[in-house]
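Chain and residue survey
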Amino acid sequence: MNTQTTNPDKTVAAFIHLSTFSKYFIPFGNFIFPLILWTAKKQDPFVDDHGKKALNFQISMFLYFVLVAAIGISGVVIMGMNISEQGPLFFSEDSIRVGNLNTAIPLIVFMIIIGIILLGLFITDLVAVISATIKAKDGHNYKYPITINFISSTNSGDHTSKNEQFNNTQNQTL
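Quick summary incoming for the structure in this document. (Residues numbered from 1 in each chain as written. Predicted model: local features only at pLDDT ≥ 70, side-chain atom pairs only at ≥ 80, totals over all residues. Heavy atoms only, no water.)

**Focus on the pattern of salt bridges**
Within this structure, the stated rule accounts for four salt bridges. As a salt-bridge pair, Lys 23 and Asp 125 come within 2.3 Å of each other at their nearest N and O atoms. Remark: Asp 125 occurs in helix 4 (residues 101-138) and Lys 23 occurs in the loop between helix 1 (10-18) and helix 2 (29-40); sequence separation between them is 102 residues. The class of Lys 23 is partly exposed, set by a relative accessible area of 24%. With a relative accessible area of 2%, Asp 125 lands in the buried category. A salt bridge links Lys 52 to Asp 48, with the nearest nitrogen and oxygen atoms 3.3 Å apart. Of this pair, Lys 52 and Asp 48 both sit in helix 3 (residues 45-86), four residues apart, which is roughly one turn of the helix. (Salt bridge = Lys/Arg side-chain N within 4 Å of Asp/Glu carboxyl O. Helix = DSSP H or I, 4+ residues; strand = E, 2+ residues; numbered from the N terminus. Buried < 20%, exposed > 50% of the residue type's maximum accessible area, 1.4 Å probe, protein only.)

If you want it as structure tokens, here you go:
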């Protein structure tokens, strides 16, 4: 959807996307700063749309990272226990020796796969945020890849409830 608005605040929308890079300097900055900028200019539909999309993407990327890290840690623990039961590893104060490298290869391959997935998430995050910033600065909408919509888009003019009993105030009694 590449629609242009008549007078959008393109600078704020671009800064919302760029502010997600603050996570590399401040913990959870990728949630805090976009949320502050988005709520400050929420009345502008262009900024509102970009704010929701940026936050949805950052929440999604965080969950993907946590999921992949949890799978990686549990896999390493399970495979590490399997290796230690077979006795090929020798732990001492100075070094770790692998007695039979063939038993450690699945663990190494698993760790490489998890590392590649995490690197892919990192690259996707960088490319998507930069692309969204450029699109916002040009006044276009941008759809982030692999995003779960936690904050859904609502029509700004329609604040009626989908439940009929709340819309009809004459039938309400205390």
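There's plenty left to go through after this.
**Notes on the packing of aromatic side chains**
On inspection of all chains with the given rule, the structure shows seven aromatic pairs. A centroid spacing of 5.9 Å and a plane angle of 90 degrees characterise the contact between Phe 31 and Phe 62, whose relative ring orientation is edge-to-face. Separated by 31 residues along the polypeptide, Phe 31 in helix 2 and Phe 62 in helix 3 bring together distant segments of the chain. The exposure class of Phe 31 is buried, given its relative accessible area of 18%. Considering the side-chain rings of Phe 57 and Tyr 144, the 4.3 Å spacing of their centres and the 10 degrees angle between planes classify their relative orientation as stacked. Taken together, the positions of Phe 57 in helix 3 and Tyr 144 in the loop between helix 4 and helix 5 (164-167) put the pair 87 residues apart, joining distant regions of the chain. Since its relative accessible area comes to 5%, Tyr 144 is described here as buried. Between Lys 42 and the ring centre of Trp 38, over which it is positioned, the NZ or CZ distance is 4.7 Å. (Phe/Tyr/Trp six-rings, centres within 6.5 Å; stacked < 30°, edge-to-face > 60°. Lys NZ or Arg CZ within 6 Å of the ring centre and 35° of its normal.)

**Digging into unusual backbone geometry**
One non-glycine residue, Phe 28, lies in the positive phi region at around 60 degrees. One can find Phe 28 in the loop between helix 1 and helix 2. Here Ile 146, not a glycine, exhibits a phi torsion of approximately 40 degrees, which is positive. Looking at the element boundaries, Ile 146 is found in the loop between helix 4 and helix 5.

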